[in-house]
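Single-letter residue listing:
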Amino acid sequence: MKFHFLTIFPEMINAYIGEAMLKRAKDKKLADFSVINIRDYSKDKWQKTDDRPYGGGPGMVMTPEPILRAFSKLKTKQKVKVIQLSPSGKMFTNAIAKKMAKQYSDVVFICGRYEGVDDRVRKILKADEYSIGDYVLTGGELPALVMSDAIVRQIKGVLGDQTSLEEARVASPRVYTRPETLVWKGKNYKVPKVLKEGHHQKIEDWRAKQKLI
Ligand code: SAM
């Protein structure tokens, strides 16, 4: 599966995909990444990629041509999903991540900035809009990385055997490791008893109860 990022801040993307799980997925040839600087496709002598909005209002809008030109140079296979990041898009979930990992050979992220991207890009590229949460961020780079991280985890073979097993079991946000009793500023903080008793079903039930969602 290949992830393509169209952005005016390629280094933000490179910093994240060059470490940890995404890097390991790439090293194992289970995922691949291409980061495209939209500015390279601007014909403006200052490599401008934004302009004032029609209808007025504050902020700038990303111009369509550099993005469309960059897109037309992508090397993709057949099952391509084009995603435009947007705070008013469909809410991204783990279920969607699982589906995408199964369905697509390529995912293209168009990372908006400023007031967003000229809407004709969405129309021409038949992009689906996704939001990662009910808040407004400064750009689409973090949402694109959040989505790709969640999708890559779902590609078979990316997580080691042990971690895959962890995924299949009840995952809980309440996790503990050594020491068994943490002494901090004169107080003792103990690991819940149930986790030390070795009773698998009781542990699963306890974890299920701790789930926040
Ligand atoms: N006025 C714009 C709107 O309502 O869509 C907000 C633009 S926001 C400042 C700039 C860019 O950040 C957006 O084009 C989008 O790519 C990205 N973005 C911001 N919040 C997001 C979120 N919650 N989910 C996904 N993308 C987001």
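Next up on the list: the packing of helix 1 (residues 10-17) against helix 6 (residues 141-152). Between helix 1 and helix 6, the shortest axis-to-axis distance is 10 Å and the interhelical angle comes to 25°. Accordingly, the angle class assigned to the pair helix 1 and helix 6 is roughly parallel. Crossing angle aside, the handedness with which helix 1 passes helix 6 is right-handed. Taken together, the residues of helix 6 that come into contact with helix 1 (itself represented by Met12, Ile13, Tyr16 and Ile17) are Glu141, Leu145 and Asp149. Looking at side-chain class alone, the contact of helix 1 with helix 6 contains five nonpolar, no polar and two charged residues.

This next bit is on the nonpolar core. With 28 residues, the main nonpolar core has Phe3, Phe5, Phe109 and Val152 as its most contacted residues. For this core, the secondary structure elements donating two or more residues are strand 1 (2-7), helix 1, helix 2 (20-27), strand 5 (80-91), helix 4 (94-103), strand 6 (106-110) and helix 6. Among the elements that line this core, the one with the most residues is helix 6, at six residues. By size, the runner-up hydrophobic cluster in this structure holds 15 residues, among which are Ile8, Ile38, Ile110 and Leu125.

In this fold, Lys209 is placed in helix 8 (residues 200-210). C-alpha separation for the pair Lys209 and Thr93, spaced 116 residues apart in sequence, amounts to 21 Å.

Bringing the packing of aromatic side chains into the picture now. With the rule as written, the count across this model stands at four aromatic pairs. A ring pair is formed by Phe5 and Phe109, whose centres lie 5.4 Å apart and whose planes are at 25°; its orientation type is stacked. Of this pair, Phe5 sits in strand 1 while Phe109 sits in strand 6, and the two are 104 residues apart along the sequence. Side by side, Phe5 and Phe109 carry an identical accessibility label, which is buried. Ring centres 6.4 Å apart and planes at 90° place the aromatic pair Phe92 and Tyr130 in the edge-to-face group. Within this pair, whereas Phe92 is found in the loop between strand 5 and helix 4, its partner Tyr130 is found in strand 7 (residues 128-131), the two being separated by 38 residues in sequence. When sorted by exposure, Phe92 lands in the same class as Tyr130, which is buried. Clustering of aromatic rings is evident, with ring pairs tying together Phe3, Phe5, Phe33 and Phe109.

Definitions and limits used
- Residues numbered from 1 in each chain as written.
- Predicted model: local features only at pLDDT ≥ 70, side-chain atom pairs only at ≥ 80, totals over all residues.
- Heavy atoms only, no water.
- Axes fitted to C-alpha atoms, helices over the stretch in contact; angles between N-to-C directions.
- Helix = DSSP H or I, 4+ residues; strand = E, 2+ residues; numbered from the N terminus.
- Parallel < 35°, antiparallel > 145°, perpendicular 65-115°, else oblique.
- Left-handed = near helix turned anticlockwise from the far one by under 90°.
- Contact = heavy atoms within 4.5 Å.
- Nonpolar A, V, L, I, M, F, W, Y, C, P; charged D, E, K, R; others polar.
- Core = buried A, V, L, I, M, F, W, Y, C linked by side-chain atoms within 4.5 Å.
- Buried < 20%, exposed > 50% of the residue type's maximum accessible area, 1.4 Å probe, protein only.
- Phe/Tyr/Trp six-rings, centres within 6.5 Å; stacked < 30°, edge-to-face > 60°.

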